[in-house]
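One letter stands for each residue in the lines below.
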Amino acid sequence: MATALRCLRHLPALLCRSSLAATRALPQAPVCCPALLLDGCRHGVPQLLLARQLATKKAKGKGQSQAKVNISAALVEDIISLDETNEDMQAVIEALKEDFSRNLSVRTSPGILDHITVMTKDGKFPLNQLGQISQKSPQLIIVNMTDFPESTAAATKAIRESGMNLNPEVDGTIIRVPVPKVTREHRESLAKLAKQSTNKSKEALRKVRSKSINQLKKFKNKVSEDTLWLLEKQIQQMTDSAAAEMDKLLAAKTKELLG
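Residues numbered from 1 in each chain as written. Predicted model: local features only at pLDDT ≥ 70, side-chain atom pairs only at ≥ 80, totals over all residues. Heavy atoms only, no water.

(A) Highlighting the pattern of salt bridges. Here the structure, examined in full by the defined rule, presents five salt bridges. Residue Asp171 pairs with Arg176 through a salt bridge whose shortest N-O separation is 3.3 Å. (Salt bridge = Lys/Arg side-chain N within 4 Å of Asp/Glu carboxyl O.)

(B) Looking closely at the environment of Ile80. Here Ile80 is to be found in the loop between α2 (35-58) and α3 (82-103). With a relative accessible area of 6%, Ile80 lands in the buried category. For Ile80 and Ile213, which are 133 residues apart along the polypeptide, the C-alpha to C-alpha distance reads 9.4 Å. Beyond its immediate stretch of four places on either side in the chain, Ile80 contacts Thr85, Ser212, Gln215, Leu216, Leu231 and Ile235. (Helix = DSSP H or I, 4+ residues; strand = E, 2+ residues; numbered from the N terminus. Buried < 20%, exposed > 50% of the residue type's maximum accessible area, 1.4 Å probe, protein only. Contact = heavy atoms within 4.5 Å.)

(C) Here's a closer look at the sheet that holds strand β4 (residues 140-144). The antiparallel open sheet is built from four strands, whose spatial order is β3-β4-β6-β5. The strands lining the two open edges of the sheet, one partner per strand, are β3 (132-137) and β5 (169-171). Going from strand to strand, the sheet's axes swing by 25 degrees on average, the running direction of each strand aside. Direction of pairing for β4 relative to strand β6 (residues 174-178): antiparallel, over a ladder of five bridges. Its bridge partner being in β6, Val143 is matched across the sheet by Ile175. Running over the sheet, helix α5 (residues 152-160) touches β4, β5 and β6 and is turned about 10 degrees from β6. (Pairing = 2+ DSSP bridges. Axes fitted to C-alpha atoms, helices over the stretch in contact; angles between N-to-C directions.)

(D) Region of the structure containing the environment of Ala158. Mapped onto the elements, Ala158 comes out in helix α5. Each C-alpha atom of the pair Ala158 and Pro168 lies 9.8 Å from the other, and the pair is 10 residues apart in sequence. Excluding its chain neighbours within four sequence positions, the residues that come into contact with Ala158 are Ile116, Thr117 and Val118.

(E) Representation of the layout of surface pockets in the model. In this structure, the largest pocket encloses a volume near 480 Å³. For the largest pocket, the lining is made up of 27 residues, of which Asn103, Leu104, Gly163, Met164 and Leu190 are closest to its centre. Among the elements that line the lining of the largest pocket, the one with the most residues is helix α6 (residues 184-217), at seven residues. For the lining of the largest pocket, the class distribution of residues is 11 nonpolar, 12 polar and four charged. (1 Å grid on protein atoms, 1.4 Å probe; cavity = no way out; pocket = protein on both sides within 12 Å on 5 of 7 lines; lining within 4 Å. Points joined across faces, edges and corners; volume = space filled by probe spheres on them. Nonpolar A, V, L, I, M, F, W, Y, C, P; charged D, E, K, R; others polar.)

Structure representation (structure tokens):
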């Protein structure tokens, strides 16, 4: 009888502990667990769940959709200028577009010689500043070097070494530039050059990314790890977006070149 009474005396406390554990979805602490330790367990579980959620976000596998990171530039302006990073990446894209337009075209026009740089005794100058460029026919471009006759030989050399498969002919101060007919082989060669230019541009893009990441590392001991991780994630997304745009430009140029 005495033993039964002692069990009934502890029954309300046991029921209370069981109800509390069920309400808070926490594992029931042993009877011998001190109150201070019990409180620590209650506060530790939400932090543990948060850590698991953060780890799950970081550990998403490839191929799964990931939420886009977008941090306000004003909040991190003391760490890094995301606008400047974006401008640098866009500058690389614009340089690729210009390269495609100037150097990789099957259409013949006087403008294809404008960018050629001529080395003279007075320095480097664009060909169109030294000579008058005109097109006499689809297969012939004329460069008149009357204003700078002393640079005729240098201009001829620059045209020949431009990588455009041109073989200029000199007649006094007149440079005749026969334009070869566009063959399938030539088109394929231009397409390969387009891919090479795109790869070089992607390399320049990676340099912009590396520069920004190195800037973040300077704040490793001043800013929280999560903030730096989010910034690095956003920079990577900017890099991926720029690279995807380059791939689209390459696809369009290849289609144009190969017909």
